[in-house]
There are 2 protein chains.
Amino acid sequence: MLQVQELFLMPKITELRTLQIGELSRRTGVNIETIRYYERIGVMPNPLRTEGGHRAYNEHQLKQLAFIKKSRELGFSLEEIRALLHLVDAGTYTCSEVHEMTMEHLERVRQKISDLRRLERVLKAMAADCSRGDVPECPIIDALFDARRNS
Amino acid sequence: MLQVQELFLMPKITELRTLQIGELSRRTGVNIETIRYYERIGVMPNPLRTEGGHRAYNEHQLKQLAFIKKSRELGFSLEEIRALLHLVDAGTYTCSEVHEMTMEHLERVRQKISDLRRLERVLKAMAADCSRGDVPECPIIDALFDARRNS
DNA sequence: TGTAGGATCTGTAGTTGCTACAGGTTCAAG
DNA sequence: CTTGAACCTGTAGCAACTACAGATCCTACA
């Protein structure tokens, strides 16, 4: 894997492990197109390039992308992630700031859950009214046509 | 409000109450731009036009838009709504077909709820670890950087 | 009859977070 | 030296709207 030639070309020990975009993608589970998209919108930094123009990532960028992925999985928007990374990069963040952002996000998640639970309840009720028969009349359709009934 | 002139111009009694788009919007709570959007993508039918080119809606279209709105509020996609309306318009739907679509939708809603509940749990745990202090170190950030920890 | 204004018209572009090409390079192995 | 995989840029598409710009219609009032 590691070839003799490579050892002589290394500029610094810290850049020994530069990754191509494909390898970065495999390691993080983030789609290649998505990585380039993150770069375009400024969520990921512009990486160094090889002479041929291929992106060369380092360990820091690997961690950063993992951070982004994890945050996305937790439902943070790219805007929120950008803010978090900015705080972290500037080194100016405080624990309470981060806590606050997290709690705001948590609140939005809880709101969504409660909205969806309401939907679930209404859908369940509608479906329960339904005979499931082979007939062209259905209380679900009736309910949908009746804008006044809401639960 | 109702003028003598209008009474003579009426082609049919059933079209006595044609609505302009603004009035339709007010009655259904659906944004004007959204109504035109629904027309463009074929979810709402092309309405009749006045001589000047203004859209003139009838009661049926009012009901149809109310149906769409209600369905959207219940989280049905426009694609699903299109299918439902198609069944209804063709008069070929059976109650069990509608029931099935509703149950499929309900299943997706439940899946979303369970996904969000997982998020909620993780976010809550992360926030609980946090000192909320005025210091530049935060277990939330640490957790986000650590892609391996998932709950 | 003229005009002011509100409502409407069309068409296009923006939003979020990606994904999917097309058509062209680069790079490593055989 | 060629083949093929991996990479490059740039653009367009998805859902479900929303937000204009710039034009036209319509009605009421002077």
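None of the values given here were measured: they were computed from a predicted structure.

Undergrad: It is not clear to me how the protein's contact with DNA strand C should be interpreted in this structure. Could you clarify?
TA: Taken together, 21 residues are adjacent to DNA strand C, and Thr34, Tyr37 and Arg72 of chain A together with Arg36 and Arg55 of chain B come closest. Of everything in DNA strand C that lies within 4 Å of the protein, sugar and phosphate atoms constitute 79%. In this structure, a phosphate oxygen belonging to DNA strand C sits 2.6 Å away from a side-chain N or O atom of Thr34 of chain A. The contact in question runs from a phosphate oxygen of DNA strand C to an N or O atom on the side chain of Arg49 of chain B, over 3.0 Å. For the surface near DNA strand C, the elements supplying multiple residues, two or more each, are helix 3 (32-40) of chain A together with helix 2 (21-28) and helix 3 (32-40) of chain B. In terms of residue count, the dominant contributor to the surface near DNA strand C is helix 3 of chain A (4 residues). Looking at the surface near DNA strand C residue by residue, the class counts come to 5 nonpolar, 11 polar and 5 charged.

Undergrad: Looking at this model, I keep getting lost on the side chain of His105 of chain B. Mind explaining?
TA: Tracing the sequence through the fold places His105 of chain B in helix 6 (residues 95-128). Excluding residues that lie within four positions of it along the chain, His105 of chain B makes contacts with Leu123 of chain A together with Leu74, Gly75, Phe76 and Glu80 of chain B.

Undergrad: Help me understand the packing of helix 2 of chain B against helix 3 of chain B, please; the structure alone is not making it clear to me.
TA: Helix packing for two helices is described by the angle between their axes and how far apart those axes are. All names here are of chain B. Two numbers describe how helix 2 lies on helix 3: the axes approach to 9 Å, and their chain directions differ by 105°. On the basis of their axis angle, the class for helix 2 and helix 3 is roughly perpendicular. Contacts between helix 2 and helix 3 involve Ile21, Gly22, Leu24 and Ser25 from the former and Ile32, Ile35 and Arg36 from the latter. Broken down by class, the residue content of the contact of helix 2 with helix 3 amounts to 4 nonpolar, 2 polar and 1 charged.

The rules we used
Residues numbered from 1 in each chain as written. Chains lettered and ligands numbered in written order. Predicted model: local features only at pLDDT ≥ 70, side-chain atom pairs only at ≥ 80, totals over all residues. Heavy atoms only, no water. Near = heavy atom within 4 Å. Polar contact = N/O pair within 3.5 Å; in protein donor to acceptor, adjacent residues only side chain to side chain. Helix = DSSP H or I, 4+ residues; strand = E, 2+ residues; numbered from the N terminus. Nonpolar A, V, L, I, M, F, W, Y, C, P; charged D, E, K, R; others polar. Contact = heavy atoms within 4.5 Å. Axes fitted to C-alpha atoms, helices over the stretch in contact; angles between N-to-C directions. Parallel < 35°, antiparallel > 145°, perpendicular 65-115°, else oblique.

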